[in-house]
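# Summary of structural features
The chain contents come next:
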Amino acid sequence: ILNVEQSPQSLHVQEGDSTNFTCSFPSSNFYALHWYRWETAKSPEALFVMTLNGDEKKKGRISATLNTKEGYSYLYIKGSQPEDSATYLCACHGGSQGNLIFGKGTKLSVKP
Amino acid sequence: NAGVTQTPKFQVLKTGQSMTLQCAQDMNHEYMSWYRQDPGMGLRLIHYSVGAGITDQGEVPNGYNVSRSTTEDFPLRLLSAAPSQTSVYFCASSFTASSPYEQYFGPGTRLTVT
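These numbers were taken from a predicted model, which means no experiment stands behind them. Chains are numbered independently. Their residues run from 1 in the order of the written sequence. Here chains are named by letter from A upward and ligands by number from 1 upward, in the order in which they appear as written. Whole-chain, interface and lining totals are the exception, using all residues; otherwise, since this is a predicted model, local features are given only for residues with pLDDT of at least 70 and side-chain atom pairs are given and counted only at 80 or more. To get the side-chain values, take all heavy atoms of the structure and skip hydrogens and water.

## Some remarks on the overall build of chain B
Here is the rule we go by: Here a helix means four or more residues in a row that DSSP labels H or I, a strand means two or more in a row labelled E, and each is numbered from the N terminus. Residue exposure (1.4 Å probe, protein chains only): buried if accessible area is under 20% of the type maximum, exposed if over 50%, otherwise partly exposed. Note on definitions: a residue-residue contact is assigned when non-hydrogen atoms from the two residues lie within 4.5 Å. In these tables, accessible area is a Shrake-Rupley quantity obtained with a 1.4 Å probe, and a residue counts as shielded only by the protein chains included in the view. Residues counted as positive are Lys and Arg, residues counted as negative are Asp and Glu, and His and the chain ends are not counted. Charge placement uses NZ in Lys and CZ in Arg. For Asp and Glu, CG and CD serve respectively.
Looking only at helices and strands, chain B features zero helices and 11 strands. Listed N to C, the secondary structure of chain B is β-β-β-β-β-β-β-β-β-β-β in terms of helices and strands. Seen through its C-alpha atoms, chain B measures out along the principal axes to roughly 40 × 30 × 25 Å. Sorting the 114 residues of chain B into buried and exposed places 47% on the buried side. Taking the intrachain contacts of chain B between residues at least 6 apart in sequence as the baseline, contacts between residues at least 24 apart amount to 54%. Accessible area for chain B stands at about 5,200 Å²; split by element, carbon and sulfur atoms hold 49% of it. Separation between the mean location of the 7 positive side-chain charges and that of the 8 negative ones in chain B comes to 14 Å.

Below, the structure is given as structure tokens:
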């Protein structure tokens with residue numbers, strides 16, 4: 001079974017700070033990497049699905065990069081806002097079956 | 001579209017009782033799955049289905065059954081509830097299993113087994 005690691009486990013930043021966190025995964029048999037945003041009392045919502053080495057995706061102030069050869073992805077948030085407070089999950093496909101293996105998430109708290 | 005719906009939102013069971021968690025999607029997605037979320041454990045896959053009539057086990061299938069008689073519905077059955085099954089359960093779906101499409105999650109069912 002794939003092992004997907006996320007760091008840090010939690011992060012506290014001030015409004016306006018930029019921040020980033022890491023997702024590590026086995027580089028062999030890589031198929032796709034997903035990032036999800038999960039607000040308290042809601043369900044996870046997809047941010048990005050990335051497949052190509054060197055891929056970079058952006059949605060507003062949030063962006064992600066992917067390095068499949070070394071097995072990591074970074075998620076960046078520029079100018080954090082209190083509404084960015086959530087748990088950010090990454091997940092890796094174990095193959096072409098569509099099953100995702102999730103990391104434990106990074107919990108971000110943004111103080112006004 | 002309603003997306004992915006789950007019922008009930010909350011449920012309390014006694015040890016040994018059985019129940020079915022309902023999940024439905026109206027997006028004509030081939031792939032559906034059930035996860036459980038426990039503190040410090042992240043989301044773990046219980047069972048999944050790549051199409052009507054096809055189901056398979058995930059990482060933590062013991063104590064659960066599923067069926068997929070239609071594309072829309074994917075119920076999860078707890079056969080004899082145990083306190084270890086106290087968790088939040090999420091159903092998710094995606095367009096197909098053969099390409100890396102994003103998954104859409106339902107609102108979750110919070111289950112307590114006493």
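Now that the structure is up, let's keep going.
## Side note on the pattern of salt bridges
Here is the rule: Salt bridge criterion: a side-chain nitrogen from Lys or Arg within 4 Å of a carboxyl oxygen from Asp or Glu.
On inspection of all chains with the given rule, the structure shows five salt bridges over all chains. A:Glu39 is the salt-bridge partner of A:Arg37, the closest N and O atoms lying 2.9 Å from each other. Look at A:Arg37 and you get buried, because its relative accessible area is 16%. The exposure class of A:Glu39 is partly exposed, given its relative accessible area of 26%. Across the salt bridge formed by B:Asp38 and B:Arg44, the nearest N and O atoms sit 2.9 Å from each other. The same class applies to B:Asp38 and to B:Arg44, which are both buried. Taken together, the shared-partner salt bridges in this structure form one network comprising A:Arg37, A:Glu39 and A:Lys42.

## Describing the sheet that holds strand S1 (residues 4-7) of chain B
Residues and elements named next belong to chain B. Heads up, the condition is: We treat two strands as partners when DSSP finds at least two bridges between them. Simply put, an axis is a line fit to the C-alpha atoms, just over the touching stretch for a helix, and the angle between two N-to-C directions goes from 0 to 180 degrees.
Overall, antiparallel pairing links the four strands, which are arranged S1-S3-S8-S7 in an open sheet. Edge positions in the sheet fall to S1 and strand S7 (64-66), since each of these pairs with one other strand and no more. Averaged over neighbouring strand pairs, the angle between their axes works out to 20 degrees when direction is ignored. In this sheet, strand S8 (residues 76-78) lies alongside S7 in antiparallel orientation, the contact comprising three bridges. Looking across to S8, one finds that asparagine 65 is bridged to arginine 77.

## Some words on the interface of chain A and chain B
Test applied: Buried area is understood as the total, over both parts, of accessible area removed when two parts are fitted together, assessed with a 1.4 Å probe. Polar contact is defined as a pair of N or O atoms within 3.5 Å, subject to the rule that within protein one atom must be able to donate a hydrogen and the other to accept it, and that residues adjacent in sequence are counted only when both atoms are side-chain atoms. In this classification, the charged set is Asp, Glu, Lys and Arg, the nonpolar set is Ala, Val, Leu, Ile, Met, Phe, Trp, Tyr, Cys and Pro, and all remaining amino acids, among them Gly, are polar.
Between chain A and chain B, the residue contacts involve 22 residues of the former and 22 residues of the latter. When the two sides are added together, the surface that chain A and chain B hide from each other amounts to roughly 1,700 Å², 61% of it contributed by carbon and sulfur. One can count zero salt bridges joining chain A with chain B. Taken together, chain A and chain B are joined by four residue pairs in polar contact (both at pLDDT 80 or more). Going through the elements one at a time, strand S4 (33-38), strand S5 (45-50), strand S9 (86-93) and strand S10 (100-102) of chain A are the ones with two or more residues in the side of chain A that touches chain B. When residues in the side of chain A that touches chain B are grouped by element, the largest group, three residues, is from S4(A). For the side of chain A that touches chain B, the class distribution of residues is 11 nonpolar, nine polar and two charged.

## Regarding the confidence of the model for chain B
This is how it is decided: For every residue, the pLDDT score states the predictor's confidence, bounded by 0 at the bottom and 100 at the top.
On average, residues of chain B score 94 in pLDDT, and 100% of them are at 70 or above. Mean pLDDT across the elements of chain B ranges from a minimum in strand S5 (residues 42-51) of chain B, with 93, to a maximum in strand S3 (residues 19-25) of chain B, with 98.

## Examining the environment of B:Leu76
All names here are of chain B. The residue leucine 76 is located in strand S8 in this model. Note: C-alpha distance between leucine 76 and cysteine 91 (15 residues apart in sequence) is 9.1 Å. With residues up to four places along the chain from it excluded, the contact list for leucine 76 reads Met19, Thr20, Leu21, Trp34, Ile46, His47, Tyr64, Asn65, Val66 and Tyr89.

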